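# Examining the three-dimensional arrangement
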Amino acid sequence: MSQATDIPVNQGQVASVGLRTRLNSLRARRILLGYLLIAPVVIWRLATSIYPFVYTAYLSFFDNSPVRRTFDFVGLENYRHMANDIQVKQTMGFTMYFAIVSVAMQILLALGVSQLLNRKFRMRHFTRAVNLLPWAMSAIVIGTAARWIFDVNYGLVNDIIWRISGERPIWLVNVNLARLAVVLTDVWKNTAFLTVVFLGGLQGIPLEVYEAAKMDGADGPRSFWYITLPLLMPLIISMGIFVMIGRVLSFEIVYALTSGGPGMATSLMSYQVYLQGFRVLNFGYASAIAMALFFMVLVIGLLGFGGLRRAWSRS
Amino acid sequence: MATSTATAPLSSNRLRKALRAAPLYLLVFVFLVVVLLPIYYIFLTAFIPGDKLFTQPLTYIPKAITFERWGQIFHSLPIGRYMLNTLLLSTVSTLLALLVSFLAAYAIARLDLPGANLILVGLLASSMLPGAATVIPLFKMFQNLHLFNTLWGLFLLYVSGLLPITTWVLVSFIRQVPVEIEDAAKVDGASTASLLWNVVLPVVQPGLATMFLIGFITCWNEFFIPLIFARGPSAKVITMALGEAQTIGSSTQYYQQWGNMSAVAILTTVPVFILTLVFQRQIVEGITSGVFK
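Residues numbered from 1 in each chain as written. Chains lettered and ligands numbered in written order. Predicted model: local features only at pLDDT ≥ 70, side-chain atom pairs only at ≥ 80, totals over all residues.

## Some thoughts on the overall build of chain A
- Of the regular secondary structure elements, chain A holds 12 helices and two strands.
- The helix and strand sequence of chain A, counted from the amino end, reads α-β-β-α-α-α-α-α-α-α-α-α-α-α.
- Computed over the C-alpha atoms, the radius of gyration of chain A is 28 Å, more than 25% above the 20 Å expected from 2.2 N^0.38 for a compact globule of 315 residues.
- In terms of its C-alpha atoms, chain A occupies a principal-axis envelope of roughly 110 × 75 × 35 Å.
- Within chain A, buried positions represent 40% of all 315 residues.
- Taking all contacts inside chain A whose residues are at least 6 apart in sequence as the whole, residues at least 24 apart take part in 68%. (Helix = DSSP H or I, 4+ residues; strand = E, 2+ residues; numbered from the N terminus. Rg over C-alpha atoms; globule rule 2.2 N^0.38 Å. Buried ≥ 20, exposed ≤ 12 C-beta atoms within 10 Å, placed from the backbone. Contact = placed C-beta atoms within 7 Å.)

Here you go:
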């Protein structure tokens, strides 16, 4: 009797073991297939982004120049040199100034414009399309054209200022004005991105929230201050960080509009890497500057992540 | 008397409504001027005759226009070749990036792989690596591999630049598709290839279309990569002609510089403007899909 019942149990075990191995091999096949499908993307990024980045970190410890035909290990010499290099220090200063001022202006403007574009008015569809145009234009077109727009005597900006005030500010020669010109050009081009994102955020806030607030007497500016702003805050912080990193990395506007001038007053980190790497052909030193740029991005990213977590936990 | 009292509240109501809407329309008007006036003026510069370009005050509605800049830039620069290169690079790079990242996105979203999320986050983090911090080793690599000055080399980098965002967005698109659709196909014995092609692809097709637009515009506008890696006309792109256009023609005529620059700016900008205006909705979706999904 017991033997009779043993047999089917045994058979069942055999069957389930067989099923399990088949399932296991199916699972293994699925995982193998998955990694095969992912492989092109990973290999592509490893070869063209991650490996070159690691090699840049390596190069930053070398004196490497194709002109002087050097490839000598110098330890921290490049970094030491950077700490005493007035051009690099100015560049870091302006990069931070640019990132903070430009992002602050973009956030404020985008909050306003997104409120505007969220209203109902005639030509709203057209106005929203117009909003996208600066986003769609190439940064190098805008940077190059901005040199014409900010021309002292015949530029568009000074024409308007001159008609109003009779003055013609010397935009690209005066340090503060040149910095402002770079920021304004950048704000003109990039605010559209944040506007579109904030508009998406606004459309995600249910109307009932505003209606409920209206009953409690919160209307107009108060509902913006107490409802819209807090609800958008995680978006403002996360996108603010994203845009700020973009500012720290930016290149084209400064390359075309000011060439970093006057002096190095409007030089950005990427532009400095370009100058050292591809004009002076100092690969080692340029790599060290690029690593400093990387650390700036890293710090902003980490600070932003902390801020975001706080904003999430509050809302 | 009776009629006037009947109509008076109506018209004053209307007036009040119009007055209340006035600040809104004023703001809209200011916004449109700030965005459109510079674009209009840059485009106009290509058509204003040289002696009318440098006037105080400026003229915004020209009395005479000229087309000499077009002849000049097409005569002195291989503009046709630049445009063709740009079109080819933008189209092929974006299609290739979408294909490659579609496969990866499917695997990440559906195949329950160990470490899939880590790969996805790593991919996105790698897109934050500064271009300036990869460009010198790439420069050396390209010289060794004879990719320098070639469209192949640019393809490689353009695709690479798009992969993190396209993968990221496509993963979110595929995750929104109900698994049941795929399960039904699996029961019918569909192979993975036919599953991907016949079931998943059609469902995420709108997502692919929006990402194509964003990718195409991104590649079209690229300048830094060709500046470093394309030094000869065989691989140069249209954004590089902006600087070159300013150095051609008789150098004694300062105004040539801006007129020619402006003509190239029009060539560079009009294609993306057309795309943006025609596909406005898809582009907004594309911009926000990386943020909200």
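## Points about the overall build of chain B
- Scanning chain B from N- to C-terminus turns up 13 helices and zero strands.
- Counting only residues that meet the buried cut, chain B has 41% of its 293 residues in that class.

## Things to note about the interface of chain B and chain A
- Contact residues are listed per partner, giving 71 residues for chain B and 70 residues for chain A.
- Considering each element in turn, the side of chain B that touches chain A owes the most residues, 13 residues, to helix α1 (residues 2-45) of chain B.
- Here the residues of the side of chain B that touches chain A sort into 55 nonpolar, 16 polar and no charged. (Nonpolar A, V, L, I, M, F, W, Y, C, P; charged D, E, K, R; others polar.)

## Looking at the environment of valine 237 of chain B
All names here are of chain B.
- For valine 237, the position within the fold is in the loop between α10 (224-229) and α11 (241-245).
- When the C-alpha atoms of valine 237 and isoleucine 79 are compared, they prove to be 8.7 Å apart, with 158 residues separating the residues in sequence.
- What valine 237 contacts, discounting residues up to four positions off in sequence, is Tyr82, Asn85, Thr86, Leu89, Pro226 and Ala230.

## Examining helix α8 (residues 207-215) of chain A
- A small share of α8 of chain A lies buried, amounting to zero of its nine residues.
- Phi turns positive, to about 90°, at glycine 217 of chain A, one or two residues after α8 of chain A.

## Observations concerning the packing of helix α5 (residues 116-126) of chain B against helix α7 (residues 151-176) of chain B
Residues and elements named next belong to chain B.
- At a minimum axis separation of 9 Å, α5 and α7 run at an interaxial angle of 140°. Helix-helix and strand crossings are classified by hand; for α5 and α7 the assignment is left-handed. Of the residues in α7, those in contact with Leu120, Leu123, Leu124 and Ser126 of α5 are Pro164, Thr167, Trp168 and Val171.
- For the contact of α5 with α7, a count of residues per class yields six nonpolar, two polar and no charged. (Axes fitted to C-alpha atoms, helices over the stretch in contact; angles between N-to-C directions. Left-handed = near helix turned anticlockwise from the far one by under 90°.)

## Some thoughts on unusual backbone geometry
- That bond from glycine 261 of chain A to proline 262 of chain A is cis: its omega, 0°, falls within 30 degrees of zero.
- Within the fold, proline 262 of chain A resides in the loop between α10 (252-257) and α11 (269-279).
- Here the residue pair glutamine 56 of chain B and proline 57 of chain B is connected by a cis peptide bond, since its omega of -5° sits within 30 degrees of zero.
- On the secondary structure map, proline 57 of chain B appears in the loop between α2 (50-53) and α3 (68-76).
- Non-glycine residue serine 259 of chain A carries a positive phi angle of around 50°.
- Relative to the elements of secondary structure, serine 259 of chain A occurs in the loop between α10 and α11.
- The phi angle at aspartate 112 of chain B is positive, at roughly 55°, despite the residue not being glycine.
- Within the secondary structure, aspartate 112 of chain B sits in the loop between α4 (79-110) and α5.

## A short note on helix α13 (residues 280-292) of chain B
- Taking 1.5 Å as the rise per residue, α13 of chain B with 13 residues should run 18 Å; its terminal C-alpha atoms sit 18 Å apart, in good agreement.
- Considered for burial, the residues of α13 of chain B that qualify are Gln282, Ile283, Val284, Glu285, Gly286, Ile287 and Ser289 of chain B. (Expected span 1.5 Å × (residues − 1).)

## Thoughts on the packing of helix α3 (residues 86-118) of chain A against helix α9 (residues 221-249) of chain A
All names here are of chain A.
- Following both chains from N to C, one finds α3 and α9 inclined at 140°, their axes separated by 9 Å at the closest point. With respect to each other, α3 and α9 are oriented oblique. As α3 runs across α9, the sense of the crossing is right-handed. Counted together, Thr95, Phe98, Ala99, Ser102, Val103, Gln106 and Ile107 of α3 and Ile236, Gly240, Val243, Met244, Arg247 and Val248 of α9 form the full contact between these two elements.
- Class assignment for the residues of the contact of α3 with α9 results in eight nonpolar, four polar and one charged. (Parallel < 35°, antiparallel > 145°, perpendicular 65-115°, else oblique.)

## Re the confidence of the model for chain B
All names here are of chain B.
- Averaged over all residues, the pLDDT of chain B is 88; the fraction at 70 or higher stands at 94%.
- Every residue in residues 1-6 scores below 50 in pLDDT, and together they form zero contacts with partners more than four places removed in sequence or on other chains.
- The complex model carries a pTM of 0.90, and its ipTM stands at 0.89. (pLDDT = per-residue confidence, 0-100.)

## Some words on the pairing of strand β1 (residues 62-65) of chain A
Residues and elements named next belong to chain A.
- Side chains of β1 alternate between two faces, with Phe62 and Asn64 buried and Asp63 and Ser65 left unburied.
- Inspection of the sheet shows β1 paired to strand β2 (residues 70-73) by four bridges, in the antiparallel sense. Looking at the pairing, aspartate 63 lines up with aspartate 72 of β2. (Pairing = 2+ DSSP bridges.)

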